[in-house]
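Descriptive structure summary
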Amino acid sequence: MKTKSTATPTHPSPLRVAAFRRFLAANLVSASGTAMAPLALAYAVIGEGGGAGSLGAVLAVNTVPTIAFLLLGGVLADRLSRSRILFWGNLLAALAQGTLAALVAGGWATTATIAACGFASGVATAFVAPAAQGVVAQLVPAEQLQRANALLRLPTNAVRVLAPVAGGLIVGFSGASWALAWDALTFAAAALLIRGLRLDAPVGVGSALADLRAGWSGFWSRTWLWTYTAAGCAVVAGWLAGFQLLGPVVAAEHYGGARAWGLVQGAFACGLLAGTVVCLRWHPYRLLAVAVVASSALSLPLAAMGFGLALPWVLLGALLAGVGLDVGIVSWSTAFQQHVPEGELGRMGAINGVGERLAVPLGYLVAGVASGGGSDRGVLVGGAGVVLGASVVNLGVRDVYRVNRGARVFHGTPKEPS
């Protein structure tokens, strides 16, 4: 039996937990396919004669069901076995990507059929995301949560560097259908791995609608949670609008084009990996405050490009942004899992996820309108200001400094792992 240590705190590895190793393996397998999917999807649309408009429609159809069904996914994640939800969600994603691969390989793919498969994948994501957030807290004790979250980030960040290159080679030599088929296979393999977890369902009371109302009430009763979600919405909007939308445009105009932008993306990916290593070794006490400060580093590459600094400064900013983002995500996940009761993790995570996902179209829309009426560099500086300003405002919330490293919360009261 594990006992609470009275000496210097230690952080044993969650890799000693067999169920966590299985969950980690499932994440590693699925990540290798997911990282290739965007490139394969883009070339599948292009291959059937579509352009930017068709690709935009496909991406929108993929995103809409995720937002629409995320709250339902959160409710179910607090009522049913999370491992079973993950199993069926991964199986649905495998079916959707497998169908798409077959359509592309047979020459039958159209924008409509690609969008339909994307819709099914979006539904799967809506149910998988809240369940996955709660599974970690069921697999490992509280003192191992940060390392567990960091280890789960490690394969995702590693494939961000390697998988796009591998995906490009597969698409270039064999066609988009093979990369999509690999994505489907990885989802199926992940489903089989997760099937072996067989986690118990959280104790649910009342109707699903009553659970949703209780979840909404619980979300608003936690000031640190809704203020972090609101600030996160602004940060995500500023970051995506600046880095993802305008970054390539500014790189083409002022930094030499695709080669320079590839270096920036590579620096960001390396920063993510470095951030994971930091989280494996550094265990800060003020988890939520660290998450807020670390995420503010996303302003650095936006400011560097906006103020016209030389490429090495942009690369440094992207590297530090990657480190900050990963430290922020791991710190936030750990704080969230420790300070939200286990039976509410699905609903709280879903509400937080809806807020941040709504920032994606909002950020793109605002950036598009703003760049049309002014310079792209000015919008980048504005995006950096939004990221930094939202972080500063969030740091002014007193409850941010109360969500610190500690015991996991069960039904509103702290409980040390036994």
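For the structure itself, consult the block above.
Below you will find a few notes about this structure. Not measured: the values here are computed from a predicted model. (Residues numbered from 1 in each chain as written. Predicted model: local features only at pLDDT ≥ 70, side-chain atom pairs only at ≥ 80, totals over all residues. Heavy atoms only, no water.)

1. Overview of the overall build of the protein chain
Each helix and strand counted, the protein chain has 15 helices and 2 strands in total. Here the contacts in the protein chain between residues at least 6 apart in sequence split such that 88% fall between residues at least 24 apart. Of the accessible surface of the protein chain, which amounts to about 18,300 Å², a share of 68% is contributed by carbon and sulfur atoms. (Helix = DSSP H or I, 4+ residues; strand = E, 2+ residues; numbered from the N terminus. Contact = heavy atoms within 4.5 Å. Areas by Shrake-Rupley, 256 points an atom, 1.4 Å probe, with all protein chains shown as cover.)

2. Some details on the packing of helix H4 (residues 82-106) against helix H7 (residues 176-195)
Geometry of a packed helix pair, given as the angle between the helix axes and the separation of the axes. Put simply, H4 and H7 touch, their axes get as near as 8 Å, and they point 160° apart. Classified by the angle between their axes, H4 and H7 sit roughly antiparallel to one another. When you trace H4 past H7, the crossing you get is left-handed. (Axes fitted to C-alpha atoms, helices over the stretch in contact; angles between N-to-C directions. Parallel < 35°, antiparallel > 145°, perpendicular 65-115°, else oblique. Left-handed = near helix turned anticlockwise from the far one by under 90°.)

3. Some details on the packing of aromatic side chains
With the rule as written, the count across this model stands at 12 aromatic pairs. Each ring, one from tryptophan 216 and one from phenylalanine 219, has its centre 6.0 Å from the other, and the planes form 25°; the classification is stacked. Of this pair, tryptophan 216 and phenylalanine 219 both sit in helix H8 (residues 208-221), 3 residues apart, roughly one helical turn. Geometrically, the ring pair formed by phenylalanine 243 and phenylalanine 268 is tilted, given 5.6 Å between the ring centres and 45° between the ring planes. A residue pair is termed long-range when its members are at least 10 positions apart, and phenylalanine 243 in helix H9 (residues 223-254) and phenylalanine 268 in helix H10 (residues 258-281) qualify at 25 residues. Members of the aromatic cluster, connected to one another through ring pairs, are Trp216, Phe219, Trp220 and Trp226. Directly above the ring of phenylalanine 87 sits arginine 195, whose terminal nitrogen or CZ lies 5.0 Å from the centroid. (Phe/Tyr/Trp six-rings, centres within 6.5 Å; stacked < 30°, edge-to-face > 60°. Lys NZ or Arg CZ within 6 Å of the ring centre and 35° of its normal.)

4. Considering helix H12 (residues 299-306)
Summarising burial for H12: 6 of the 8 residues are buried, a large majority. Those residues of H12 that sit buried are Ser299, Pro301, Leu302, Ala304, Met305 and Gly306. Of the residues flanking the end of H12, it is glycine 308, one or two places downstream, whose phi is positive at about 70°. (Buried < 20%, exposed > 50% of the residue type's maximum accessible area, 1.4 Å probe, protein only.)

5. Things to note about the nonpolar core
If you look at the biggest cluster of nonpolar residues, it comprises 28 residues, and the most contacted ones within it are Trp239, Phe243, Phe268, Leu298, Leu302 and Met305. Broken down by secondary-structure element, the contributors of at least two residues to this core are H9, H10, H12, helix H13 (311-339) and helix H15 (376-395). Here phenylalanine 243 is in contact with Pro248, Trp261, Val264, Gln265, Phe268, Pro301, Leu302 and Met305, once residues within four sequence places are set aside. Counting residues in hydrophobic clusters, the runner-up holds 26 residues, among them Leu24, Ala26, Ala77 and Ala190. (Core = buried A, V, L, I, M, F, W, Y, C linked by side-chain atoms within 4.5 Å.)

6. Some remarks on the environment of arginine 281
As for its position among the elements, arginine 281 is in helix H10. For the pair arginine 281 and alanine 150, spaced 131 residues apart in the sequence, the C-alpha separation amounts to 9.8 Å.

7. Considering a nonpolar patch on the surface
A cluster of nonpolar side chains, Leu300, Phe307, Leu309, Trp313, Leu316, Leu319 and Leu320, forms an exposed patch at the surface whose accessible area comes to about 660 Å². Looking at the nonpolar patch, the element that brings in the most residues is H13, giving 4 residues. Looking at the secondary structure, you find leucine 320 in helix H13. In this structure leucine 320 comes out as partly exposed when scored by relative accessible area, which is 39%. (Patch = residues over 30% accessible without salt bridge, like charges linked within 9 Å, V, L, I, M, F, W, Y side chains within 5 Å. Salt bridge = Lys/Arg side-chain N within 4 Å of Asp/Glu carboxyl O.)

Shape is all these values report; function is a separate question.
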